[in-house]
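Listed below are the residues making up each chain.
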Amino acid sequence: MAGSSSSDLNSTPLSYFKYDVFLSFRGHTRLKFTDTLFHALINKRIKTFRDSEELRIGEELEGSLLEAIQRSRMSILILCDEYPTSHWCLDELVKIMDCSGNGRKRPVLPIYFNVAKSDVQFQKNKYETAMAAHEEKGRYNHKLEAWKSALSEVGKIYGQRCDQKTPLGKAIDNIVEEVTKRLPPLPLHIDHPLGLHSELEEAKSLLEIGSRATCFMLGIHGDGEDISKFVAELYNKIRPHFVTASFLSNISEKTSGSGGGLEDLQERLLSEMGEEVKSKIGSTFKGSSEIKRRLGQKRVLLVLDDVDSIQQLSSLAGGIDWFGPGSRIIITTRYKDVLDDHLSYNGVEVKKYCLTEGSSSIVKEENVVGLEKDFEIVINQLKEDSPGNVVSIVGMGGLGKTTLARKIYNSDDVKKLFPCRAWATVSKEYSAKEVFKSLLKCLKPSTSEDSSSEEELKLKVSRCLQGKKYLVVLDDVWDAKAWHSIKNCFPENNNGGMILITTRNDQVAYVSESKEPHHKLPFMDKEESWELFRNEVFCRKNCPPELERIGRSIVETCKGLPLGIKTTAGIVAKRERSEDAWEEIKNLLPYWGVAEEDSSVVMMEILKFSYDDLPNKMKPCFLYLGVLPEDREILVRDLIRIWIAEGFIEAIQSGRSKAAPEPEDIGEQYLKELVDRNLLQVAKRKSDGKGVKKCQIHDLIRELCISESNKPDNNTHRLSFLSNIGSYACLVTCNQPCTYSLFVYGDAEEWSHHIPEVCQVNVLFVTGQIDIDQDEYLKWLKNSKFLSMDHSESLELCKLQSLQTFHTRFLENLSIGGLKQLRHVRNVGRLIILADEQVIKDEMKCLQSLCNVNVDSQLGSLLDNGCFPNLKTLGLYVSYEDQLSAEENLKSLHRLTNLRKLRLWYEEHSWIPLDRIAFPSNLTLITLEGFRDLNPKDMNNLGRIPSLKILKLKYGDCEEETLFCGTAGSFPQLQVFIMIEVSITRLTSEEGAMPRLRRAAFYDCPDLKEVTKQMSSLGSNLEFLKYYYGYLYDLAH
C-alpha cells in the first residue's frame, strides 16, 4: 500500500514537502466529523493542512491553498453528498488528482461519507444532480469535463466508507490507521550517501521484502563508520513496505555506563512503533514481554544499530515470534560472534551480510573473472551455422573449464536458443550407464531411479532428444573411449542440437570432430589473477592499499591457475587482514616447492597448503574424501556417519546442564567448514534451501586427499585402489590394529580376498551385488560399525554388537536384539522389525533414525515401552494388510518426544486418517507418500502441530477437487510446502493460515488451477513445475 504510491515522493527532495496531509471537505462536515479527524491526525503527529473559507478568494485556486495541495505528501477527500455542489471542492479535487498522478505518485484516500462509491465514479444520484446544475448555470462549463474526469478517477480508488451504521470513533480510528499505512514514512537524513547501490540491492534481496511469510533477521557486520550510514540508506529504501518501523542507533553507546540503558531503548522502540507507553517499563524482562505482546501481530521493520552484546539482542529482539509475519529485523555490529550467539542462546538464526567484504553468507555467487571473451567465443561457435554439432573447451585441470561451461549452460542466450538442455559429468573413471542416467535426470527430472540396461538407457536418451533443438554438456571427458561409448545416444537427424565438451585432452576434441579451432583456456594474466584473488578475499570490494603489494606477490605463486588462486584466497580470507599475517603466508609458500615446478605439482602444493591450514581434528575427515570416485555426488548423511564410524568424530562429554551436541551435529559443522574453505562443493541443498544434502569434490582436491593419505607420516589411514574386483573399489587401511574399510561402487566379487586373515572390516560400502556367506560374515564383519549394501538377506545383524549404521535396499526382516550401539537404520523397501521380550524391555538409547519400518504389533510394542527415547527421524510403512491395526499400533507415537522428521509411506489402497494419529508436538518435517482421500480434517490435524516447518505431500489424491489447507493460525511455523504428483484442482485456506510460509513448490500437479492467497504472495518462491516430453516447464511463467 505505502509502497505503491511513492514514486513521486522518492524523486522529490524531502525539504519540498510542507505538510503530511491535505484535507479537502465540504463546509457542513467541518464541525463534527472533519474537526474530529483533524485533531486525531494531529495527535498522531501527522502534520495536516485543513482548508478554510478564508483561503477561498477569487475564482481560481492560488496562494497558500494551491501551495498546500502541491506540498502535501498525501490528500484526504471527504466526499459527502454536497461535495460536488462546490466548485472550490471540485477545483481542489482536480488539482489533487493532477499532483498525485490519480493516486499513483502520491497517496489519495477518499472517504465516502454517506455516499456510495459508484455515485462518485459514475456521477449518479446527488452527484449527477450537482453536475447537471453546474451545466445549467453555464458559468463553469469549461471545467465540467475536468471535474467529471477527476470524480471518475477518484471513484476508482478504494477508500473508507462512513455511514450512519459506523460509530464516529471507530470511523476516525480506521481512517487514521489507513493514513498511517498509506502515508510514505519520512526517510532518515543522510548527509553524504555512500553510493553503494549494488550492495544496497544485494542486502535488500536478502531481506525478501516481497514475502510476508515469516519474520527473520539480517545481521550486517563489518568495521568503520560506514556501516551505520549504509543501514540508514537501506532503511530509507525499504521503510515504505512496512506498517511501522523503528531505527535504534548507537545501541552500544546508549547501553554503556553513561547511556540510558536497555529499558529506555525498549520504551523508545515501542513508542516509535506507535505504541503508547504511559509509565516506565521498570525492567528489561517486562519490556521484552511488552514488545512481544504488542508487536507480535504487526509487520514491522526494526533496525538495531551498533550492537555489541547478546544481552542487547535478547532484550530488543529476543525471538522471531516477538514480531508479526513479514517483519524484518536488521542488526549491525562490529562483532560477527554476536550474531552467532543469538542462535546459541536464543535459537534465532540470523542471515549474515558482511559490508566490509560485500558478500552474504547465505548466497555466495561464484566469482567468474577473465572468462568474458571465452564465453563470447564459445557461444558464437554454438550459434554459428557451420558443419558439425560438437564444440569443445580444452585445458588443464583447475583452469575453469567447468566454470565456463556452467556459465554458458545457465545463460539466458542459451536457454532461449536451446529449449532442451542436459548436463552429465563423465570423469576419468566413467560409466556410460551413469552418464545416460544423468542426462535422463535433466531431460525427465520427475522419473524415479531407472534400473534399465545401458542400451535401454541410451535409447531413452535418444528418444528424448529426437527432433528437438538441444544442448548437451559432457563435462570432463578424459579419453576417446569415453566419447565413443556415449556418442551414439545423440540422434542422427539433428534438428539444430549441439554438444559441448570440456576435456583436459585435446585429442578428445579431434576424435569428437569438434568445430575448429578448439577453444583452449589460457592461464590468467597478472591482472585477472589479482582480480579473482581480490574478489574471493574481499568479495568484490577493494583491497586496502597497504595489503595490495604483498597480496599480489602471493597471487604470483599460483601461476595464473584459477583453482590455485581460489584455494589460496580461501586460506588468506580466514586469516587476519594485516601485513604481518599475510607476510607469514607468503613466507611459507616457498617451502611447498611452488617456485620452479611443473604446473600440476605447483597446484598440488598450493592445495596442500590449504590442507595444512585445516584444524587437526578435521584433517582425517578431509583426507577420507579420497575414497570416493571422481565427480561422484556424495550424500552428506552417509559421509558424516562414515566419519563417525571411523572414529574421526566423537561425542562430547559436557558437564553443563545444556545437552552436548550429537556427533552428527559436529559432522555437519565440519562439512560446512570444508564447504566454506572451497574444499567441497555444494551439489544439492535440502528442501529448506539451507542445509547441504549432497556435495562434490574437485578432481585435484581428491588427488591431494589420496597423496596425503598415503604419505608415511600419515597416522590415520591409507588408500589403495583395487583393479581386479570388477568395479571401482578403494581399500582403506586404518592404523588402528588390524582394521580395514572397503568401498565398492558396483558389484563386489571376491571382496574378502583383499582383507588380511587376521583383520576386521570397520566400514563396508557396496552399491551393487556382493557375494557373502555366514562364515565370511562372522569372520570379517562382526566388529563392523558401518554397513551399506543392496542385498543383505543372509546376514544375522543381531550378532554385530558394534554396528552403528546399517543401510540396505532389499532387506525384509531385521532383528534388533543386542544392537545397543545402533544409531541409523535405512531400508529402501518395507522393513519388518523383529524383537523379543528382552528387546522390548530395553531401551535403544543410541538410535537416531529408523526408516521405512512396517507399522505392526512389534513396532507398537516397542513404541509403548519407550524403546526409542532419542529417535529423531522415523519412516513408517503402512501396508494394506496391517492398516486396520496400524491406528492401535501408533497410539504411542506421541511419546517420541525427540522426533523431528516423520515419513508416512502408504502402500496402495491403504490409508489411516490423520486425525487418528497422535503426532509428536516437536515434529519439524512430515512427508506423506501414497496417501488417498486427503481432506480438510487431515490438514487441520497437521496444522495443529506447533513446530512443523516442512510439509511434503507426494503421490496421492484428495477426497475432493478442492483441499482446504487450514484455518487462521494453523501451521504457525510452516516455512516450506511441497506437492509432488498430487491430484488436486485448488487449494484454499482462511486468512492467517501458514503465516510464516516462504516457499511452495508443486511438481507434476497438472490439475492444479488455484492456490491459497498466502502461497500466491510468495512471488518467485512459488513454483509450478511440469515435466512433459523431456521439457521442464515453469508454469508460473
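Residues numbered from 1 in each chain as written. Predicted model: local features only at pLDDT ≥ 70, side-chain atom pairs only at ≥ 80, totals over all residues. Heavy atoms only, no water.

Caption draft 1: Fine view of the sheet that holds strand E17 (residues 634–635). Spatial ordering of the open sheet is given by E17-E19-E18, a layout of three strands whose pairing is antiparallel. In this open sheet, the two edge strands, each paired with only one partner strand, are E17 and strand E18 (681–685). Here E18 pairs with strand E19 (residues 692–696) via four bridges, running antiparallel. Bridge pairing links Lys684 to Lys694 in E19. (Pairing = 2+ DSSP bridges. Helix = DSSP H or I, 4+ residues; strand = E, 2+ residues; numbered from the N terminus.)

Caption draft 2: Geometry of the sheet that holds strand E13 (residues 420–425). With respect to topology, five strands assemble into an open sheet ordered E13-E14-E15-E12-E16, the strand pairing being parallel. The outermost strands of the open sheet, each flanked by one partner alone, are E13 and strand E16 (519–520). For strand E14 (residues 470–475) and strand E15 (residues 498–503), the ladder comprises four bridges, and the chain directions are parallel. Looking across to E15, one finds that Leu474 is bridged to Ile501. Helix H17 (residues 401–409) contacts strand E12 (390–394), E13, E14, E15 and E16 of the sheet and is inclined by roughly 165 degrees relative to E13. (Contact = heavy atoms within 4.5 Å. Axes fitted to C-alpha atoms, helices over the stretch in contact; angles between N-to-C directions.)

Caption draft 3: Just empty space enclosed by the protein, in detail. Evaluation of the coordinates by the stated rule reveals three cavities of 30 Å³ or more. Approximately 50 Å³ is the volume attributed to the largest cavity. Of all the secondary-structure elements, those providing two or more residues to the lining of the largest cavity are strand E3 (72–79) and helix H4 (87–99). Examining the composition of the lining of the largest cavity, we find that four residues originate from one element, E3, more than from any other. A per-class count over the lining of the largest cavity returns five nonpolar, three polar and two charged. (1 Å grid on protein atoms, 1.4 Å probe; cavity = no way out; pocket = protein on both sides within 12 Å on 5 of 7 lines; lining within 4 Å. Points joined across faces, edges and corners; volume = space filled by probe spheres on them. Nonpolar A, V, L, I, M, F, W, Y, C, P; charged D, E, K, R; others polar.)

Caption draft 4: Focus on the side chain of Glu92. Along the chain, Glu92 falls in helix H4. With a relative accessible area of 0%, Glu92 lands in the buried category. A distance of 2.8 Å separates polar atoms of two side chains, one belonging to Glu92 and the other to Ser24. (Buried < 20%, exposed > 50% of the residue type's maximum accessible area, 1.4 Å probe, protein only. Polar contact = N/O pair within 3.5 Å; in protein donor to acceptor, adjacent residues only side chain to side chain.)

Caption draft 5: Region of the structure containing the packing of helix H16 (residues 372–383) against H17. Between H16 and H17, whose axes approach to 10 Å, the crossing angle comes to 55 degrees. In terms of their interaxial angle, H16 and H17 are classed as oblique. For the pair H16 and H17, the crossing hand works out as right-handed. For the pair H16 and H17, contact is made by Asp374, Phe375, Val378, Ile379 and Leu382 and by Leu404, Lys407 and Ile408, respectively. Classifying every residue of the contact of H16 with H17 gives six nonpolar, no polar and two charged. (Parallel < 35°, antiparallel > 145°, perpendicular 65-115°, else oblique. Left-handed = near helix turned anticlockwise from the far one by under 90°.)

Spatial relationships are all this shows, so hold off on functional conclusions.
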